[in-house]
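A structural walkthrough
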Amino acid sequence: MISVSEIAGRLKGEVIGAGDKEIRGVNSLDLAGPDELTFADKNYLSRLDQTRAACVIVPKEFAGPSSKTLIKVENPKEAFLAALYLFYRPEKPGPGIHPSAVIGENVKLGQGVAVGPCAVIEEGAEIGDRTVIEAGAVVGKRVRIGSDTVIHANVSLYHDVRIGSRVILHSGTVIGSDGFGFVEKDGIQIKIPQTGIVIVEDDVEIGSNVSVDRATFGATVIGKGTKIDNIIQIAHNCRIGQNVIIAGQSGMAGGVVIEDNVIIAAQVGIKDHVRVGKRAIIAAKSAVKDDVPPGATVIGIPAKDARVTAKEWATLARLAKKRAVGKPA
Amino acid sequence: MISVSEIAGRLKGEVIGAGDKEIRGVNSLDLAGPDELTFADKNYLSRLDQTRAACVIVPKEFAGPSSKTLIKVENPKEAFLAALYLFYRPEKPGPGIHPSAVIGENVKLGQGVAVGPCAVIEEGAEIGDRTVIEAGAVVGKRVRIGSDTVIHANVSLYHDVRIGSRVILHSGTVIGSDGFGFVEKDGIQIKIPQTGIVIVEDDVEIGSNVSVDRATFGATVIGKGTKIDNIIQIAHNCRIGQNVIIAGQSGMAGGVVIEDNVIIAAQVGIKDHVRVGKRAIIAAKSAVKDDVPPGATVIGIPAKDARVTAKEWATLARLAKKRAVGKPA
Amino acid sequence: MISVSEIAGRLKGEVIGAGDKEIRGVNSLDLAGPDELTFADKNYLSRLDQTRAACVIVPKEFAGPSSKTLIKVENPKEAFLAALYLFYRPEKPGPGIHPSAVIGENVKLGQGVAVGPCAVIEEGAEIGDRTVIEAGAVVGKRVRIGSDTVIHANVSLYHDVRIGSRVILHSGTVIGSDGFGFVEKDGIQIKIPQTGIVIVEDDVEIGSNVSVDRATFGATVIGKGTKIDNIIQIAHNCRIGQNVIIAGQSGMAGGVVIEDNVIIAAQVGIKDHVRVGKRAIIAAKSAVKDDVPPGATVIGIPAKDARVTAKEWATLARLAKKRAVGKPA
């Protein structure tokens, strides 16, 4: 339990109301109980009196009356995130190698590494300090993993893949499977060996059931701080920049380049060798077949500037409606 | 072997032809052999004489002549399903814990539980009677699973997830990975801890390689009797109702609400916080960005009422054709 | 190290320049170092002098001056692939059963089979000569696998599935999960038992996190030489022909027939029971709801002949542009 005043102090916020209230945890506006803290940004201030929360973090500017104890801050969402970390700490297994885990020859394990039941670390792999390899995960030969990384249950890392520090890989994810490359000869597909690797840089998070293929030559790269959702395909030789966001079920074909801070919404497809410029935004379900300039927002199949696609959609809707009035379909 | 008469008795159907024929099994119209039973509903009656089956279940109304032995019933598909269950019983491993399985501390196992080779059940988990945990599956800390559930090989259940009774989870599926939530601060994405759980209610079936994320707060819920196909993403805090059907490769973003008996076809995407009303139907490949009223059928990118989209598609086809005639493109 | 002359001899090519140069390996045009070999087909000849490679494979016709040592051949891509196989040999684990692997009763293992740590082979399975079962893979009861096949880490094969020779299955892939079949009765979905199997023929490669469902009756079939990328759904009773290419995140519903040498690009969806004729091409993101004739190229949602869709897209773009000039939107 932490008092409202103490929380406000940590968040550099101002208390309006009962600063001595004791808070047990944090929760969403609709789920919070009478000893929990929540937050309301501008869009949710009207629902302030419906929450059962003991205390609500609100924007500084909020002037309205409220029966609730409030903490006023600059940025409620960021402050709430900080409050969340006061109460919630992801559970981490204690260090140690479970007796059922299999550790190959010449494996180097850092300080405080945890390896779960039936996990497999193959020969020559190196695992950094305090990294967690959960149950059933397979770490291939000569894989290098940094410190404080979490490899969740049943992840598969192919040989020679490199994973940074503070990385999170969720269950079922596969890093380093072969890129999809063949040469057709007389109607038969001949496999092009995939001789490269995958580099996942520091602070990356990758969701569950994601596939990242190794490069044909060189490396497929996921840049520092990039966050990847579930069931996503990153093909061979893609180069994803830093702090990129990729939402669920999107995919990019071979050799795609995504520059820093791009946002890719869900179920997007990107053609091979396309380059997406810094801070561009790709709307959900889009099919990107041409390079996207920095800062652009594109949408559609095929993807175009969002204003162009909006006009096309509006034009079609209007024509179809008109026809419906003028003459029978 | 069961005689046609006996099968007809169980199905409450009427035999036309040789009731004493012995049936070895059931099969589809095109694959059935001369000692097998099949069925033909209205659409397949014309192909009746092409099947090699010994006996065909047909609709009551069927009056046409046939060289086949028939069983006439109210609903051939339902009757055939009942017949199928007379012959086919999914193989179930005998009870017992394989010596290579790893059972954590304070795990509670019901009567007749089967745990396969190299499966891992972490501390504090509770498994109901006759539930099967197949090889390589990982059941996280404090997970609760009901009775008569089957967790197939290499499934991953994160900590604190709750799975009901008579549930089937297919291989590679992940329940309880972190929701995809970040707060951007100065171009860096800061992780929002995902403190909630997932609740999979009774009689749910989930296909292979599906990802169901845990809630940020509270629970992501899959309602009783809902059936989910393969490679589907259910994001944090989705609430899926009862007896919903979700076909392959569809995905829903955070906080989506799907009401009871909705049908979602394949490769559909649903925007965060959208609500889909009871018995609505969403056609394949649609991108749903607005609420769908109960009973509606929507289709398209973006999804609209099916009649509106049909008109738009027809309008565009007509205009493109006209132009082709009038002037060169 | 192999000399340029020797490589040229193997490739039946002609050396222009220093035949005695020693080559250490092969690489792409942009990544090759000063002791590596690369290739340039017609489209890349202009970049010939930018590569650091010691030697470049070029088309026979190439007449331009170059400071590089060249090997002239009929087909540079094919020749390069042959050169690649001179230097690169995929690493294969030595034969033997890891002591942590679990082998069920009545399992038959061929000569030189390798079974990795914590892999599970259930009773009655048969594995052909020199086949590799990697760590954490689960091979179900009575599964039959041919020779020289590689089953990567954490693959799941359900009971009775048949896998050919020289097949490669990447991690996280599931073969033989239940087809998605239900009969609705009073709003409740009743499972149709999936009694069939899956047959994966010789020389097939399947990427990571793919789901191939078993047939309701009979078999789901993937034909000889077919190559399947990552995160793909093949539903029950699909029949995929020989030498078919299926790119990432595509899916086909129940009973789809794909004839030989078809190319299916990424994120395509195909409706149940559709037939796609020989050598047809389906463009990325398409939704195929009608049969596709042999040799046709289709694109769009719904998919139409590529020329028809192109005309529709052009028509809409023109109309939207016109409106923008003529009057405000």
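About the thresholds
Residues numbered from 1 in each chain as written. Chains lettered and ligands numbered in written order. Predicted model: local features only at pLDDT ≥ 70, side-chain atom pairs only at ≥ 80, totals over all residues. Heavy atoms only, no water. Helix = DSSP H or I, 4+ residues; strand = E, 2+ residues; numbered from the N terminus. Rg over C-alpha atoms; globule rule 2.2 N^0.38 Å. Buried < 20%, exposed > 50% of the residue type's maximum accessible area, 1.4 Å probe, protein only. Contact = heavy atoms within 4.5 Å. Lys, Arg positive; Asp, Glu negative; His and termini not counted. Charge placed at Lys NZ, Arg CZ, Asp CG, Glu CD. Buried area = accessible area lost by both parts, 1.4 Å probe. Polar contact = N/O pair within 3.5 Å; in protein donor to acceptor, adjacent residues only side chain to side chain. Patch = residues over 30% accessible without salt bridge, like charges linked within 9 Å, V, L, I, M, F, W, Y side chains within 5 Å. Areas by Shrake-Rupley, 256 points an atom, 1.4 Å probe, with all protein chains shown as cover. Salt bridge = Lys/Arg side-chain N within 4 Å of Asp/Glu carboxyl O. Pairing = 2+ DSSP bridges. Domains from an automatic or database assignment. Least-squares fit on C-alpha atoms with pLDDT ≥ 70 in both. pLDDT = per-residue confidence, 0-100. Axes fitted to C-alpha atoms, helices over the stretch in contact; angles between N-to-C directions. Parallel < 35°, antiparallel > 145°, perpendicular 65-115°, else oblique. Left-handed = near helix turned anticlockwise from the far one by under 90°. Nonpolar A, V, L, I, M, F, W, Y, C, P; charged D, E, K, R; others polar. Expected span 1.5 Å × (residues − 1).

Across its full length, chain A carries three helices and 40 strands. In summary, chain A has a C-alpha radius of gyration of 25 Å against a globular reference of 20 Å for 329 residues, an excess of more than 25%. For chain A, the spread of C-alpha atoms along the principal axes amounts to about 75 × 75 × 35 Å. Evaluated residue by residue, chain A yields a buried proportion of 58% over its 329 residues. Here the analysis covers contacts within chain A between residues at least 6 apart in sequence; of these, 17% occur between residues at least 24 apart. In chain A, which carries 40 positive and 37 negative side-chain charges, the distance between the mean positions of the two groups comes to 8 Å.

In this section: the interface of chain B and chain C. Every contact between the two is made by 49 residues of chain B and, on the other side, 58 residues of chain C. Summing both partners gives a buried area of about 4400 Å² for chain B against chain C, and 62% of it is carried by carbon and sulfur. Looking at the side of chain B facing chain C, the largest losses of area belong to B:K285, B:L316 and B:R323, adding up to 12% of the total buried there. Where chain B meets chain C, there are 25 residue pairs in polar contact (both at pLDDT 80 or more).

So, about a nonpolar patch on the surface. On the surface, a nonpolar cluster with roughly 200 Å² of combined accessible area is contributed by A:I97, A:I103 and A:L109. Mapped onto the fold, A:I97 is located in strand β8 (residues 96–97).

What follows concerns unusual backbone geometry. A negative phi holds for most residues other than glycine; trans holds for most peptide bonds. A:I301 connects to A:P302 through a cis peptide bond whose omega is -5 degrees. As for its placement among the helices and strands, A:P302 is situated in the loop between β39 (297–299) and β40 (304–305). We note that A:D160 has phi near 70 degrees; this positive angle belongs to a residue other than glycine. You can see A:D160 is positioned in the loop between β18 (156–157) and β19 (162–163). Take A:D160: its relative accessible area is 21%, and that puts it in the partly exposed class. Of note, C:K285 is a non-glycine position whose phi angle comes to about 70 degrees, a positive value. Here C:K285 is to be found in the loop between β37 (281–282) and β38 (287–288). By relative accessible area, which is 7% here, C:K285 ends up buried.

Let us now look at the sheet that holds strand β18 (residues 156–157) of chain B. Hydrogen bonds between backbone atoms are what pair the strands of a sheet, whose relative direction is either parallel or antiparallel. All names here are of chain B. In space, the ten strands of this open sheet follow the order β9-β12-β15-β18-β21-β26-β29-β32-β35-β38, with parallel pairing throughout. Of all the strands in the sheet, the pair left with one neighbour each is β9 (102–103) and β38 (287–288). Pairing analysis gives two bridges linking strand β35 (residues 269–270) to β38, with the strands arranged parallel. The residue of β38 that forms the bridge with I270 is V288.

As a further point, take the domain arrangement of chain A. When cut into domains, chain A gives domain 1 (2–87) and domain 2 (98–306). For domain 1 of chain A and domain 2 of chain A, the distance between their C-alpha centroids amounts to 38 Å.

To continue, consider the relation of the copies chain B and chain C. Both copies of the chain are tied together by a single rotation about an axis and a shift running along it. For the pair chain B and chain C, the best superposition has an RMSD of 0.0 Å and corresponds to a rotation of 120 degrees with a translation of 0.0 Å parallel to the axis. Read as a symmetry element, the transformation amounts to a three-fold axis.

Now for the confidence of the model for chain A. Chain-level statistics for chain A give a pLDDT mean of 95 and a share of 98% at 70 or above. ipTM for the predicted complex: 0.95, alongside a pTM of 0.96.

A few words now on the packing of helix α1 (residues 4–11) of chain C against helix α2 (residues 76–87) of chain C. Residues and elements named next belong to chain C. Interaxial distance between α1 and α2 falls to 10 Å at its minimum, and their mutual angle equals 120 degrees. Considered as vectors, α1 and α2 are oriented oblique to each other. The handedness of the crossing between α1 and α2 is right-handed. Across from I7, R10 and L11 in α1, the residues of α2 making contact are A79, A82, A83, L86 and F87. Split by residue class, the contact of α1 with α2 holds seven nonpolar, no polar and one charged.

Let's shift gears to the side chain of B:N209. Secondary-structure assignment places B:N209 in the loop between β25 (205–206) and β26 (211–213). From its side chain, B:N209 meets the backbone oxygen of C:G172 in a polar contact 3.4 Å long. Here C:V210 takes part through its backbone oxygen, which lies 3.3 Å from a polar atom of the side chain of B:N209. Setting aside its immediate chain neighbours within four residues, B:N209 contacts A:N209, A:I231, B:S171, B:G172, B:T173, B:I231, B:I232, C:G172, C:V174, C:N209, C:V210 and C:S211.

For the rest of this paragraph, the subject is the sheet that holds strand β6 (residues 55–59) of chain B. Residue and element names in this part refer to chain B. The strand order across the open sheet built from five strands is β2-β7-β6-β5-β4, with neighbouring strands paired in mixed fashion. Strands with a single pairing partner mark the edges of an open sheet, and in this sheet they are β2 (14–16) and β4 (25–26). As paired strands, β4 and strand β5 (residues 36–39) are joined by two bridges and run parallel to one another. The residue bridging G25 from the neighbouring strand is E36, located in β5. Relative to the sheet, helix α1 (residues 4–11) contacts β2, β5, β6 and β7 (69–73), its axis offset from that of β7 by approximately 10 degrees.

Under the defined criterion, the tally for this structure stands at 54 salt bridges over all chains. A salt bridge links A:E91 to B:R142; the shortest N-O distance between them is 2.7 Å. Of this pair, A:E91 sits in the loop between α2 (76–87) and β8 while B:R142 sits in the loop between β15 (138–139) and β16 (144–145), placing the two residues on different chains. With a shortest N-O distance of 3.8 Å, C:D290 and C:K289 are connected by a salt bridge. The partly exposed category is assigned to C:D290, whose relative accessible area is 48%. The class of C:K289 is partly exposed, set by a relative accessible area of 45%. If you follow the salt bridges from partner to partner, you end up with A:E91, B:K141, B:R142 and B:D160 in one network.

A few words on α2(A). Residues and elements named next belong to chain A. For α2, which comprises twelve residues, the first-to-last C-alpha distance of 17 Å matches the rise-based estimate of 16 Å (1.5 Å per residue) to within 8%. Every buried residue of α2 is listed here: P76, A79, F80, L81, A83 and L84. Looking at where α2 begins, the residue whose side-chain oxygen comes 3.2 Å from the main-chain nitrogen of K77 is N75.

The next thing to look at is the pairing of strand β27 (residues 219–222) of chain B. All names here are of chain B. Side chains of β27 alternate between two faces, with A219 and V221 and T220 and I222 buried alike. Of the pairings in the sheet, the one linking strand β24 (residues 197–200) to β27 comprises four bridges and is parallel in character. Note on β27: the bridge partner recorded for V198 is T220. Here β27 runs beside strand β30 (residues 239–240); their pairing, made up of two bridges, is parallel. When the bridges of β30 are listed, I222 appears paired with I240.

Here we come to the side chain of A:H152. Within the secondary structure layout, A:H152 lies in the loop between β17 (150–151) and β18. Since its relative accessible area comes to 11%, A:H152 is described here as buried. Looking at A:H152, its side chain comes within polar contact range of the side chain of A:E134, at 3.1 Å. In this structure A:H152 touches A:E134, A:A137, A:I168, A:L169, A:H170, A:S171 and B:Y158, once residues within four positions along its chain are discounted.

What follows covers the environment of A:C55. Residues and elements named next belong to chain A. Along the polypeptide, C55 turns up in strand β6 (residues 55–59). Taking the relative accessible area as the measure of exposure, C55 reaches 0% and is therefore buried. C55 sits 21 residues away from P34 along the chain, and the two C-alpha atoms are 8.5 Å apart. Filtering out sequence-adjacent residues up to four positions away, C55 remains in contact with V4, I23, E36, L37, T38, T69, L70 and I71.

Let's shift gears to the environment of A:Y44. By secondary structure assignment, the location of A:Y44 is in the loop between β5 (36–39) and β6. Here A:Y44 falls in the partly exposed class, since its relative accessible area comes to 38%.

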